[in-house]
Amino acid sequence: MLIACDRNPVFLATRLGQTVLPSAWLGLWLLAAAVSHADEEPNAEAVESMDRIEQVLVIGVRQRVPGSGSVVVSEELERFDHTDINQVMSAIPGVYVREEDGFGLRPNIGIRGAAAERSQKVTIMEDGVLITPAPYSAPAAYYVPNVSRISRVEVLKGPSAIRHGPHTVGGAINLVTRDVPGESLLELDMSLGTDAFHKAGVAYGGPLGQSGFGFLIEGLRYASDGFKALDGGGDTGFARNDVRVKIRWEPTGGLDQRLTLKLGFADEDADETYLGLTDEDFRADPNRRYRASQLARFQTEHFSAHLNYGLALGRVSVNAKAYWNRFERQWNKLDGFVAGRSLQSILASPHRFTREYSLLVGAADSLPVDAQTLDVTNNDRVFTAEGVQMSLAANGLMGALEHNFTLGVRLHRDDVKRNHQPRGYLMQGGDLVWDGVGRPPKLWNRADTLAVAAFAAEELRWRDLTLTLGLRYENIDGEWEDLRHGMARKNKQSVLSPGLGLHWQITESLGLLAGAYRGFSPAGPGASGVDPERSLNFEAGFRLQGSSARLEAVGFFSDYENLLGRCRVSDSGCQPGEEFNGGRVEVYGAELSAGWTFALTPGLSLDADMVYTYTDSAFQTGFLSGFPQWGLVREDDELPYLPRHRGLARIGLSGRAWELSAALKHQAKAREEPGVGPIRQGLHADGYATADLTASWRLRESTLLQLVVGNVTDKAAIVSHRPFGARPNRPRWLTFRVRHRF
């Protein structure tokens with residue numbers, strides 16, 4: 001559970017005492033009661049995993065969570081050698097992904113109706129710690145950990161989502177890194193593929209004698225020349241680097257405790273643009289890029305330091321974390337013309353705006369007027385996030401009633417500083433030439449948030465029934481300052497979010513689940529005239545688990561009291577960061593997941609699994625919004641970017657030293673503007689299906705050879721018309737991989 005820290009320790013202590021502690025006395029009293037009634041014999045499950053004291057997982061080994069949740073383990077991540085987090089998320093029911101660049105560099109992830117727009121309505125963590133650049137002040141996730149160094153992906157939905165805020169309307173994602181190895185490890189991992197793709201990873205670590213210390217050093221680089229072709233030539237690829245160091249101290253004998261220090265650095269240099277294509281040009285060549293995007297460049301650096309301490313005393317365990325993250329980013333990209341029509345309008349109607357279109361493709365030269373001067377803006381931003389969080393857990397028995405109590409607090413501070421500096425360029429002979437005109441910054445501001453959060457939960461088990469009661473509290477102080485005009489605004493938000501989960505294990509293999517909770521996503525710092533996003537969320541379903549097969553089906557319903565829209569740089573007609581009320585909205589659907597394994601002969605097995613999500617939505621009122629993704633909304637209109645059907649099916653055949661797998665992914669058409677009825681006209685993304693194949697062979701116990709072919713049929717689809725114009729999925733690709741452990 002959670003908390004983060006302010007730079008002023010006196011203020012922090014005062015704030016903690018005034019805001020958190022009074023609400024925690026009841027929880028501490030319940031904890032004392034749990035300890036006093038505890039049986040002397042410890043619960044076997046409570047000491048089953050090292051996570052009891054380190055708490056890097058949010059879903060336990062047995063997935064006994066108060067609601068639905070999904071886990072993608074390392075074997076699944078390895079099967080297709082994933083580097084794209086979007087592809088990982090496609091294997092989880094209730095999760096929606098909107099592709100943008102084809103490589104997952106800029107993920108757009110939503111859960112159960114929460115907007116997928118830059119994953120800003122989803123809480124994203126690494127090892128149980130908030131990891132996005134500024135989750136309160138600027139929640140758009142321009143940084144997500146490289147999935148190639150992740151060993152496990154966890155997604156929480158339902159009542160358990162309120163354990164991990166601030167964004168709880170849909171759910172939470174936790175990316176778990178590799179643990180310090182218990183024995184010496186040296187691993188090399190190399191991949192080569194189409195479009196000059198290459199990946200090189202190294203991991204080295206192990207214990208340091210009998211000292212109780214251990215370490216892990218990981219390095220990763222992956223890059224590609226890109227699959228798009230820039231008119232006239234030029235770079236369209238990317239390169240990412242990632243270095244992580246873990247140092248662990250776990251003394252033998254004495255107290256059951258562990259201290260882990262994790263330090264990290266990551267950077268990216270990508271020739272990536274917001275500019276897409278007209279639909280007509282897309283159908284002719286989906287991988288084309290216009291000359292007007294030739295100066296696009298995205299550069300980032302991410303620094304992190306996380307300290308984690310855990311202690312177990314019988315039935316009671318305590319965990320404390322301190323964290324600091326800094327993310328610096330510069331994105332030089334085409335924003336449109338200095339004056340005149342927006343890029344969205346031009347690309348939607350190129351035959352109407354022929355002059356502007358010809359300038360974008362480099363077929364004409366600009367006149368020195370604002371309407372023909374291309375605006376290339378460097379979006380320079382610096383994010384900082386820091387905090388401390390503490391949790392305490394205890395379990396005990398009162399007769400036949402087993403109870404597990406958890407209490408957590410977090411104090412968190414984050415900020416963002418924005419400086420968006422435009423420059424004007426003239427298209428001359430197919431090249432962009434600076435017009436020499438100095439222009440003031442479009443955006444020069446800062447936003448800062450201090451947030452206190454507390455969480456308490458009591459899990460009661462009696463025979464085959466499990467009841468979980470949870471309560472989350474958030475108190476948020478935000479400040480926004482316009483540095484150009486010397487204006488500042490402050491705002492305060494607070495919320496109390498209860499949750500209830502129920503599980504009934506009817507038979508050895510069949511269980512029923514149900515739950516309800518209040519979801520919340522805060523408005524931005526200094527926001528005025530808008531309300532936070534609030535929802536009432538419900539779910540019910542069943543789990544069927546056999547020796548060789550499993551089936552889970554869950555229905556969900558989210559009743560939004562208020563839907564919040566947030567303007568981005570790519571939205572025309574509003575200021576970046578400006579927020580809009582969407583009023584009441586209902587989202588409902590169903591999730592299905594199943595798996596089956598069958599031994600054909602000794603040493604030969606067949607396995608299959610599938611996930612499917614159905615979703616529907618409806619605005620409950622009609623209105624005219626300044627938020628361009630909504631515009632004119634009529635009652636019963638469906639939300640944008642919520643495909644009604646989304647699914648994945650996989651089948652695999654494996655022997656003693658080899659494995660073959662094929663996966664088929666499908667996503668239905670998705671609206672890109674509110675509407676109702678069949679999706680035939682209006683702005684929408686294509687429905688599409690893609691197939692992936694993988695074959696792996698263990699040459700020996702320590703060496704793995706792998707071949708992966710993605711999008712086998714080379715299916716091209718418009719995955720989105722945002723930010724600017726039609727954007728493609730990744731075309732057919734192939735990689736060959738060798739991993740060796742010395």
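Residues numbered from 1 in each chain as written. Predicted model: local features only at pLDDT ≥ 70, side-chain atom pairs only at ≥ 80, totals over all residues. Heavy atoms only, no water.

Now for the overall build of the protein. A tally of helices and strands in the protein yields eight helices and 40 strands. Relative to the 2.2 N^0.38 estimate, which gives 27 Å for 742 residues, the radius of gyration of the protein is 26 Å and therefore close to what a compact globule would have. Of all 742 residues assigned to the protein, the portion counted as buried reaches 57%. Counting contacts in the protein only where the partners sit at least 6 residues apart, residues at least 24 apart contribute 67% of the total. Within the structure as shown, the protein displays about 29400 Å² of accessible surface, and the carbon and sulfur contribution to it stands at 59%. One finds the centroid of the 80 positive side-chain charges in the protein at a distance of 1 Å from the centroid of its 90 negative side-chain charges. (Helix = DSSP H or I, 4+ residues; strand = E, 2+ residues; numbered from the N terminus. Rg over C-alpha atoms; globule rule 2.2 N^0.38 Å. Buried < 20%, exposed > 50% of the residue type's maximum accessible area, 1.4 Å probe, protein only. Contact = heavy atoms within 4.5 Å. Areas by Shrake-Rupley, 256 points an atom, 1.4 Å probe, with all protein chains shown as cover. Lys, Arg positive; Asp, Glu negative; His and termini not counted. Charge placed at Lys NZ, Arg CZ, Asp CG, Glu CD.)

On to the nonpolar core, then. Nonpolar side chains in soluble globular proteins tend to be buried together. Ranked by internal contacts, the top residues of the largest apolar core, which has 67 residues, are M89, V153, I173, L275, L334, L360 and L374. A total of four residues in this core trace back to one element, the largest contributor, which is strand β16 (residues 316-337). With residues up to four places along the chain from it excluded, the contact list for L334 reads L275, A292, L343, L360, L374, D375, V376 and F724. C567, C574, F623 and L642 belong to the second-largest nonpolar core, a separate cluster that totals 18 residues. (Core = buried A, V, L, I, M, F, W, Y, C linked by side-chain atoms within 4.5 Å.)

As paired elements, strand β10 (residues 213-224) and strand β12 (residues 238-249) share twelve bridges and run antiparallel to each other. Looking at the pairing, L216 lines up with K246 of β12. Summarising the sheet, β12 and strand β13 (residues 256-270) pair through twelve bridges and their orientation is antiparallel. Paired with K246 across the two strands is K262, which belongs to β13. In this structure, the hairpin formed by β12 and β13 is closed by a connection of six residues, where G253 is found at a positive phi of approximately 80°. (Pairing = 2+ DSSP bridges.)

Moving on, we get to the confidence of the model for the protein. Confidence in the prediction for the protein averages 90 pLDDT; 92% of positions are at 70 or higher. pLDDT under 50 marks residues 1-49. Its contacts with residues more than four places away, or in other chains, come to 106 contacts. (pLDDT = per-residue confidence, 0-100.)

Along the polypeptide, S160 turns up in the loop between β6 (150-156) and β7 (172-177). On the basis of relative accessible area, S160 is assigned to the buried category, the value being 1%. A polar atom in the side chain of S160 sits 3.0 Å from the backbone oxygen of K157. (Polar contact = N/O pair within 3.5 Å; in protein donor to acceptor, adjacent residues only side chain to side chain.)

Moving on: the side chain of T690. By the secondary structure assignment, T690 is in strand β36 (residues 688-700). Among the residues examined, T690 registers a relative accessible area of 10% and is labelled buried. Ignoring any residue separated from it by four or fewer positions in sequence, one finds T690 in contact with A663, L664, K665, N711, K715 and N729.

For the structure shown, the criterion picks out one disulfide. In this model C567 forms its disulfide with C574; the gap between the sulfur atoms is 2.0 Å. Here the S-S torsion is close to 80°, and the disulfide linking C567 with C574 is therefore right-handed. In this pair, the class of C567 matches that of C574, namely buried. (Disulfide = S-S within 2.5 Å.)

According to the stated counting rule, one finds 20 aromatic pairs in the structure shown. Taking 5.8 Å as the distance between ring centres and 10° as the angle between the ring planes, the aromatic pair formed by W596 and F598 counts as stacked. Its relative accessible area of 39% is what places W596 among the partly exposed residues. When its relative accessible area of 42% is taken as the criterion, F598 is described as partly exposed. Both rings, one in F619 and one in W630, keep their centres 6.1 Å apart while their planes meet at 80°; by these two values the pair is edge-to-face. On the criterion of sequence distance, the pair formed by F619 in strand β29 (residues 604-619) and W630 in the loop between β30 (623-624) and β31 (632-633) is long-range, its members being eleven residues apart. (Phe/Tyr/Trp six-rings, centres within 6.5 Å; stacked < 30°, edge-to-face > 60°.)

Right, let's get into the pattern of salt bridges. All chains considered together, the criterion is met by 61 salt bridges. A salt bridge links E126 to R149; the shortest N-O distance between them is 2.9 Å. Placement of the pair is E126 in strand β4 (residues 123-126) and R149 in the loop between β5 (129-130) and β6, with a sequence separation of 23 residues. As far as the burial class goes, E126 and R149 line up, both buried. In this structure, E187 engages R178 in a salt bridge whose closest nitrogen and oxygen atoms are separated by 3.0 Å. Classification of E187 as buried rests on a relative accessible area of 6%. Under the relative-accessibility criterion, R178 is labelled partly exposed at 21%. Through salt bridges that share partners, E126, D127, R149, D242, R244, K246 and K262 make up one connected network. (Salt bridge = Lys/Arg side-chain N within 4 Å of Asp/Glu carboxyl O.)

Glancing now at the sheet that holds β7. Read from one edge to the other, the open sheet built from five strands follows the order β1-β6-β7-β4-β5, with strand pairing classed as mixed. Every interior strand has two partners, whereas the edge strands, β1 (69-72) and β5, have only one. The sheet contact formed by β6 and β7 spans six bridges and is antiparallel. By the bridge assignment, V153 is partnered in β7 with L175.

Right, let's talk about the environment of G226 for a bit. Checked against the element boundaries, G226 lands in the loop between β10 and β11 (229-230). In this structure the C-alpha to C-alpha distance between G226 and N287, which are 61 residues apart in sequence, comes to 9.7 Å. Excluding residues within four positions of it along the chain, G226 makes contact with F103, D195, T236 and G237.

Now for the environment of L130. With respect to the helices, strands and loops of the structure, L130 is situated in strand β5. Residues L130 and I173 lie 43 residues apart in sequence; the distance between their C-alpha atoms is 9.9 Å. Excluding residues that lie within four positions of it along the chain, L130 makes contacts with T123, I124, M125, P135, Y136, G165, P166, Y323, N325, R410 and H412.

On the surface, L208, F213, I247, L259, L261, L263 and L307 cluster together to form a nonpolar patch covering roughly 540 Å² of accessible area. Top contributing element to the nonpolar patch by residue count: β13, with three residues. In this fold, F213 is placed in strand β10. Residue class for F213 comes out partly exposed when judged on its relative accessible area of 37%. (Patch = residues over 30% accessible without salt bridge, like charges linked within 9 Å, V, L, I, M, F, W, Y side chains within 5 Å.)

Turning to the pairing of strand β23 (residues 510-521), a few remarks are in order. Inspection of the sheet shows strand β22 (residues 487-505) paired to β23 by seven bridges, in the antiparallel sense. In the sheet register, H503 faces β23, and the bridge partner there is L513. The antiparallel hairpin formed by β22 and β23 contains four residues in its connecting segment. In terms of strand pairing, β23 meets strand β24 (residues 533-545) through twelve bridges, oriented antiparallel. Residue pairing in the sheet places G519 in a bridge with S535 of β24.

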